[in-house]
Amino acid sequence: MDIVTLLPFVVLIGAMFLMTRSAKKKQQQAVDMRNSMTPGSGIRTIGGMYATVKEVHDESVLLEVAPGVHAIYAKNAIGAVLDDEEYNRIIHGVEGDESDAPVVPDDASSLTKDDEDGDAARIDLGKKADDADQDAADATPKKTDGESDTK
């Protein structure tokens, strides 16, 4: 066989190897994440429910969905283990220290600069009545000498 004939097969096998390798890597990260759960950790299930871990077993997890409400889930149903700050922000609405965050004004008036004396000329973007009449006159079709009124 010729090397040129074998080249597409070699490339195909190499691509398959790389795809399965990355999938195994992601799967291993998910297993490590699920094994990092400890009682008291905040989690999000694959269905989007937020809960607190109460007990961790071999294949299942006891979750506290609401105060006094417990549910048993399979470990595979855990989508993400959240850090305490993110969990409190989502569940309790507790915001972290935002002293480094930029201050954003509620309206755009503080973003515009006026002259020092405050008498800046304002631009009028509204149409005046004579402008509207001129626009209406421009919109009507004009007849040429060869056109008649009847069709």
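Residues numbered from 1 in each chain as written. Predicted model: local features only at pLDDT ≥ 70, side-chain atom pairs only at ≥ 80, totals over all residues. Heavy atoms only, no water.

Caption draft 1: Region of interest: the overall build of the protein chain. Each helix and strand in the protein chain was counted, giving three helices and five strands. Listing every helix and strand of the protein chain by position from the N terminus yields α-β-β-β-β-β-α-α. Counting across all 151 residues of the protein chain, residues that qualify as buried make up 13%. Sequence separation of 24 or more characterises 38% of the internal contacts of the protein chain that already satisfy a separation of 6 or more. (Helix = DSSP H or I, 4+ residues; strand = E, 2+ residues; numbered from the N terminus. Buried < 20%, exposed > 50% of the residue type's maximum accessible area, 1.4 Å probe, protein only. Contact = heavy atoms within 4.5 Å.)

Caption draft 2: Fine view of a nonpolar patch on the surface. Taken together, Leu6, Phe9 and Val10 make up a surface patch of nonpolar side chains, about 290 Å² in accessible area. By relative accessible area, which is 38% here, Leu6 ends up partly exposed. (Patch = residues over 30% accessible without salt bridge, like charges linked within 9 Å, V, L, I, M, F, W, Y side chains within 5 Å. Areas by Shrake-Rupley, 256 points an atom, 1.4 Å probe, with all protein chains shown as cover. Salt bridge = Lys/Arg side-chain N within 4 Å of Asp/Glu carboxyl O.)

Caption draft 3: How the structure looks around the sheet that holds strand β5 (residues 78–82). The sheet built from five strands is open, its strands ordered β4-β3-β2-β1-β5 with antiparallel pairing. Of all the strands in the sheet, the pair left with one neighbour each is β4 (69–74) and β5. Strand-to-strand, the axes of this sheet are offset by a mean angle of 40°, without reference to chain direction. Across three bridges, strand β1 (residues 42–45) lies against strand β2 (residues 50–56) in antiparallel orientation. Pairing of Ile43 across the sheet is with Ala51, part of β2. (Pairing = 2+ DSSP bridges. Axes fitted to C-alpha atoms, helices over the stretch in contact; angles between N-to-C directions.)

Caption draft 4: Quick peek at the nonpolar core. Residues Met37, Ile43, Ala51, Val53, Val61, Leu63 and Ile78 constitute the largest nonpolar core, which totals seven residues. Sorting the residues of this core by element identifies β2 and β3 (60–66) as the ones contributing at least two each. Not counting residues within four places of it along the chain, the set of residues in contact with Leu63 comprises Ile43, Thr45, Ala51, Thr52, Val53, Val69, His70, Ala71, Tyr73 and Ile78. (Core = buried A, V, L, I, M, F, W, Y, C linked by side-chain atoms within 4.5 Å.)

Caption draft 5: Fine view of the pattern of salt bridges. Per the stated rule, a full pass over the model turns up one salt bridge. When the shortest N-O distance is used, the salt bridge between Glu64 and Lys54 registers 3.1 Å. One end of the pair, Glu64, is in strand β3; the other, Lys54, is in strand β2, and 10 residues separate them in sequence. Lys54 gets classed as partly exposed once you look at its relative accessible area, which sits at 36%.

Caption draft 6: Layout of helix α1 (residues 3–35). Taking 1.5 Å per residue, 33 residues should reach 48 Å; α1 reaches 47 Å between its end C-alpha atoms and fits that length. Taking burial as the measure, the 33 residues of α1 include two buried ones, a minor fraction of the element. (Expected span 1.5 Å × (residues − 1).)

Caption draft 7: Structural context of the confidence of the model for the protein chain. Chain-level statistics for the protein chain give a pLDDT mean of 79 and a share of 66% at 70 or above. Looking at the elements of the protein chain, mean pLDDT is at its lowest for helix α3 (residues 129–139), recorded as 64, and at its highest for β4, recorded as 94. (pLDDT = per-residue confidence, 0-100.)

Caption draft 8: Examining the environment of Glu59 more closely. As for its position among the elements, Glu59 is in the loop between β2 and β3. Spatially, the C-alpha atom of Glu59 lies 8.7 Å from that of Tyr73, the residues being 14 residues apart in sequence. Not counting residues within four places of it along the chain, the set of residues in contact with Glu59 comprises Tyr73, Ala74 and Lys75.

Caption draft 9: Spatial organisation of the pairing of β1. Hairpin connection between β1 and β2: a loop of four residues separates the two successive antiparallel strands, and Gly48 in this loop has a positive phi of roughly 95°. In terms of strand pairing, β1 meets β5 through four bridges, oriented antiparallel. For Arg44, the partnering residue across the bridge sits in β5 and is Ala80.

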